[in-house]
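Per-entry structural report
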Amino acid sequence: MTTHGLDEFAGWVERLMRERGYDIDSPRGGGKSRIADEAGVHRAAVTRLLQRQSMPDLETMRRIAPLLGVSVRDMLIRSGRVTPEELPLAEDLLPPNDWQPSMEDFARWLGVPDERLGVFTKVVNEFLETDGADADGDEQTDPGRAARE
């Protein structure tokens, strides 16, 4: 982490603290102590950040983020610890709405070895057939049919 990165991150956190009503500017304002108490972190961690001495650890970020109205993900990215690509949003991981997974996709998700992929696909497709016959070729019966007749 560069000094510039720490300065930029601390400036962003300061702005958020002020926007949320924490008086961090006056020596007797109590804002640093208040945010430390509300977050359950040491006041020294807040002070070191605001004085640009050190970056808060993950646990401190995790506790302060909700008080500042931001996600832990945003704090980590702004701090320079991770990139957006390293910590994608859940919706970025989802396939397109029109995507239909193949039988091979399901097999891979289930951990079916490549050498068994053909057998898996054949067996599952037999279960999915809807021609009215079971796997032995016998006609399927409706269990409620006898009761209705």
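Here we summarise the structure given alongside this text. The structure displayed is predicted, hence computed values, not measured ones.

Describing the overall build of the protein
A tally of helices and strands in the protein yields 9 helices and 0 strands. Written out in order from the N terminus, the α and β elements of the protein read α-α-α-α-α-α-α-α-α. Looking at the 149 residues of the protein, the share that counts as buried comes to 26%. As displayed, the protein offers around 10600 Å² of accessible surface, 51% of which is attributable to carbon and sulfur atoms.

What about the packing of aromatic side chains?
Scanning all chains against the criterion turns up 3 aromatic pairs. Between Phe 9 and Trp 12 the ring centres are 5.9 Å apart and the planes differ by 45°, which places this aromatic pair in the tilted class. Of this pair, Phe 9 and Trp 12 both sit in helix H1 (residues 3-19), separated by 3 residues, roughly a single helical turn. The same class applies to Phe 9 as to Trp 12, namely buried. Between the aromatic rings of Phe 106 and Trp 109, the centroid separation amounts to 5.2 Å while the plane-to-plane angle is 90°, which identifies the pairing as edge-to-face. Within this pair, Phe 106 and its partner Trp 109 are both found in helix H7 (residues 103-110), separated by 3 residues, close to a single helical turn. Of the aromatic side chains, those joined through ring pairs into one cluster are Trp 99, Phe 106 and Trp 109.

Comments concerning the pattern of salt bridges
Applying the stated rule across the entire model yields 10 salt bridges. A salt bridge links Arg 34 to Glu 38; its shortest N-O distance comes to 3.1 Å. Here the residue Arg 34 and the residue Glu 38 both occupy positions in helix H2 (residues 31-39), the gap between them amounting to 4 residues, near one helical turn. The class for Arg 34 is partly exposed, based on a relative accessible area of 35%. The partner of Arg 62 in a salt bridge is Glu 59, and the shortest N-O contact between them spans 2.5 Å. Placement of both Arg 62 and Glu 59 in helix H4 (residues 58-68) is noted, with a separation of 3 residues, approximately one turn of the helix. The exposure class of Arg 62 is partly exposed, given its relative accessible area of 42%. A residue is classified by how much of its surface remains accessible, and Glu 59, at 35% relative accessible area, is partly exposed.

Describing the side chain of Thr 121
Within the secondary structure, Thr 121 sits in helix H8 (residues 117-128). Here Thr 121 falls in the buried class, since its relative accessible area comes to 14%. Only 2.9 Å separates the side chain of Thr 121 from the backbone oxygen of Leu 117, close enough to count as a polar contact.

So, how was this worked out
- Residues numbered from 1 in each chain as written.
- Predicted model: local features only at pLDDT ≥ 70, side-chain atom pairs only at ≥ 80, totals over all residues.
- Heavy atoms only, no water.
- Helix = DSSP H or I, 4+ residues; strand = E, 2+ residues; numbered from the N terminus.
- Buried < 20%, exposed > 50% of the residue type's maximum accessible area, 1.4 Å probe, protein only.
- Areas by Shrake-Rupley, 256 points an atom, 1.4 Å probe, with all protein chains shown as cover.
- Phe/Tyr/Trp six-rings, centres within 6.5 Å; stacked < 30°, edge-to-face > 60°.
- Salt bridge = Lys/Arg side-chain N within 4 Å of Asp/Glu carboxyl O.
- Polar contact = N/O pair within 3.5 Å; in protein donor to acceptor, adjacent residues only side chain to side chain.

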